[in-house]
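# Descriptive analysis of the structure
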Amino acid sequence: MGRKLDALLGRKFKISKLKTTINLAISRLSLLKSNRLARFTITLSDVIQLLRLNHHQQALLRIEQVIKDQNMLDVYDMIHTYCHLLMQMINLVDQVNECPKELEDAVSNLLYAAPRCGEFPELQEIRAILTRRFGKEFANDASELRRNCGVSQKMIQKLSPGQSTLECRMKMLMGIAKDNGVILQLEISSSETRKEKVVEKKKIKKKLSFFKSKSYRNAAQDAFESAAYASAAARTAVELARSESFVSNGSDSDSDKHKLFYPTKDYNISEVQ
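An account of the accompanying structure is given in this report. (Residues numbered from 1 in each chain as written. Predicted model: local features only at pLDDT ≥ 70, side-chain atom pairs only at ≥ 80, totals over all residues. Heavy atoms only, no water.)

## Focus on the packing of helix α2 (residues 15-52) against helix α9 (residues 166-179)
- The contact between α2 and α9 brings their axes to 10 Å, and the two run at 75 degrees. Between α2 and α9, the crossing angle belongs to the class labelled roughly perpendicular. From α2, L44, V47, I48 and L51 reach across to α9, where they touch L173, I176 and A177.
- The residue inventory of the contact of α2 with α9, partitioned by class, reads 7 nonpolar, no polar and no charged. (Axes fitted to C-alpha atoms, helices over the stretch in contact; angles between N-to-C directions. Helix = DSSP H or I, 4+ residues; strand = E, 2+ residues; numbered from the N terminus. Parallel < 35°, antiparallel > 145°, perpendicular 65-115°, else oblique. Contact = heavy atoms within 4.5 Å. Nonpolar A, V, L, I, M, F, W, Y, C, P; charged D, E, K, R; others polar.)

This is the structure in structure tokens:
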């Protein structure tokens, strides 16, 4: 698609232009890396100073910039590697219609990194050349991280705009403190500790709920037993009244036919109708 578009627009792919741009990008990388490393060193020095002054909370906030600078230094190293690989196999780019398998990782990662590396005009130019060569669809697959796009997980992680996790910041801070002989006095629970606390709270809540429901059941049972006992007592009173009526009428012989029912405390609730 890229080659057809070039032909329709009267453009001809020039391998020399890609070579020149890659060389310029490699030179630019040295400058960018030098500037980033200088900023990284200053920020790291600030963090170490804060740790020595026992300003650990401020150091934890400042460490975020150290992580970002370190990530960009890693990205520059990866771009440098991909540019060299592309340069070594540049003749292959001119021989095939689509991106060769051997260069898919390098090309995809360069296409993805280009718009995310700030002021890097040479890398932007490489992206434009590769997009014209292999087509916009291939370039969009890498830029938008579509399925099987070939962009490495490490590149995605290092260029992530989001803030690093608390665990990552703590790990970095602890490493710096250890390397500089500083004892941390920062009490921040890890995710595992927080998870354990949540699980423990759920267990306690479940137990309280169980005991609470059990007490409700016991209260209901007692109420049911009291009601059953009262019902039995009422039946006994009725039977007694009837018996006394028969005695007053002189029907003493018939009184044996009526067995009096006296409730006991061991009354079985299930027998009450």
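There is more to say after this.
## Describing the packing of α2 against helix α6 (residues 121-134)
- As a packed pair, α2 and α6 sit with axes 8 Å apart at the nearest point and diverge in direction by 150 degrees. With respect to each other, α2 and α6 are oriented roughly antiparallel. The element α2 and its partner α6 pack so that their crossing is left-handed. Judged by residue contacts, K17, L18, T21, I22, L24, A25 and R28 of α2 engage P121, E122, E125, I126, I129 and R132 from α6. (Left-handed = near helix turned anticlockwise from the far one by under 90°.)

## Concerning the pattern of salt bridges
- Going through the model one piece at a time under the given rule, you end up with 12 salt bridges.
- Notably, a salt bridge pairs E122 with R28, separated by 2.9 Å at the nearest N-O pair. With a gap of 94 residues between them, E122 in helix α6 and R28 in helix α2 connect regions that are remote in the sequence.
- Taking the relative accessible area as the measure of exposure, R28 reaches 27% and is therefore partly exposed.
- Here R62 makes a salt bridge to D46, at a shortest N to O gap of 3.2 Å. Separated by 16 residues along the polypeptide, R62 in helix α3 (residues 56-88) and D46 in helix α2 bring together distant segments of the chain.
- The exposure class of R62 is partly exposed, given its relative accessible area of 33%.
- Taking relative accessible area as the criterion, D46 reaches 32% and is therefore assigned partly exposed.
- Beyond isolated ion pairs, a larger network of salt bridges with shared partners links R36, R39 and D69. (Salt bridge = Lys/Arg side-chain N within 4 Å of Asp/Glu carboxyl O. Buried < 20%, exposed > 50% of the residue type's maximum accessible area, 1.4 Å probe, protein only.)

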